Amino acid sequence: IHRTLKEKQPERIAHELQELDEGNVGLGILLILIITDPNGLELCLVSSEAFEPAIRDAADFIGPDYDTREKLAIEYAEAVAEAQKETPDTFGWAVVGNEHIDLSHMEL
């Protein structure tokens with residue numbers, strides 16, 4: 001992922017690939033890369049070798065509350081639709097200086 005983004009969409013790398021020693025909290029060495037999705041939200045990618053065992057140890061294995069998830073998804077969709085009505089000329093665009101950049105075509 002890092003190599004592909006660095007070559008094709010370097011602007012999506014929010015923080016370069018880092019190696020962190022988290023041994024003091026029981027995780028060991030973590031590789032972390034923070035990128036943005038097509039909407040500009042930041043995603044933290046973490047190496048599975050150290051992180052997955054920590055998640056497994058912390059998991060309660062209770063499934064998600066699908067009713068709550070559906071309610072939150074509807075609320076989010078309604079909020080996005082309202083925001084788009086209020087700012088139709090700029091919604092879904094990044095503004096850099098005076099230049100508008102269309103982000104809708106970007107893929108992960």
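Keep in mind that what you see is a predicted model, and the values were worked out from it rather than measured. (Residues numbered from 1 in each chain as written. Predicted model: local features only at pLDDT ≥ 70, side-chain atom pairs only at ≥ 80, totals over all residues. Heavy atoms only, no water.)

Turning our attention to the sheet that holds strand S2 (residues 28-36). The antiparallel open sheet is built from three strands, whose spatial order is S1-S2-S3. Here the strands that pair on one side only, and so sit at the sheet edges, are strand S1 (13-22) and strand S3 (42-46). Within this sheet the neighbouring strands show an average axis-to-axis angle of 20 degrees, counted without direction. Relative to S2, S1 runs antiparallel, the two being bridged by seven bridges. The residue bridging Gln-18 from the neighbouring strand is Ile-32, located in S2. (Pairing = 2+ DSSP bridges. Helix = DSSP H or I, 4+ residues; strand = E, 2+ residues; numbered from the N terminus. Axes fitted to C-alpha atoms, helices over the stretch in contact; angles between N-to-C directions.)

This brings us to the pairing of S2. Counted along the chain from S1 to the antiparallel partner S2, the turn is five residues long, and its residue Gly-26 has a positive phi close to 85 degrees. Pairing between S2 and S3: five bridges, direction antiparallel. For Ile-34, the partnering residue across the bridge sits in S3 and is Cys-44. The antiparallel pairing of S2 with S3 creates a hairpin that spans five residues between the two strands, and Gly-40 there sits at a positive phi of about 90 degrees.

Counting through the fold element by element, Ser-47 comes out in the loop between S3 and helix H2 (48-58). Exposure remark for Ser-47: the relative accessible area of 10% places this residue in the buried category. When sequence neighbours within four positions are dropped, the list of residues in contact with Ser-47 reads Ile-29, Leu-30 and Leu-31. (Buried < 20%, exposed > 50% of the residue type's maximum accessible area, 1.4 Å probe, protein only. Contact = heavy atoms within 4.5 Å.)

So, on to helix H3 (residues 66-86). Relative to the 30 Å expected for 21 residues at 1.5 Å per residue, H3 spans 30 Å between its end C-alpha atoms, a close match to the ideal helical length. Structurally, the start of H3 carries an N-cap: the backbone nitrogen of Asp-67 is 3.2 Å from a side-chain oxygen of Asp-65. (Expected span 1.5 Å × (residues − 1). Polar contact = N/O pair within 3.5 Å; in protein donor to acceptor, adjacent residues only side chain to side chain.)

This part covers the pattern of salt bridges. Within the structure shown, the criterion is met by two salt bridges. Between Glu-16 and Lys-6 there is a salt bridge, with its nearest N and O atoms 2.9 Å apart. One end of the pair, Glu-16, is in strand S1; the other, Lys-6, is in helix H1 (residues 2-8), with 10 residues separating them in the sequence. Overall, Lys-6 belongs to the partly exposed group, its relative accessible area being 43%. For the salt bridge of Glu-75 with Lys-71, the shortest nitrogen-to-oxygen distance reads 3.7 Å. (Salt bridge = Lys/Arg side-chain N within 4 Å of Asp/Glu carboxyl O.)

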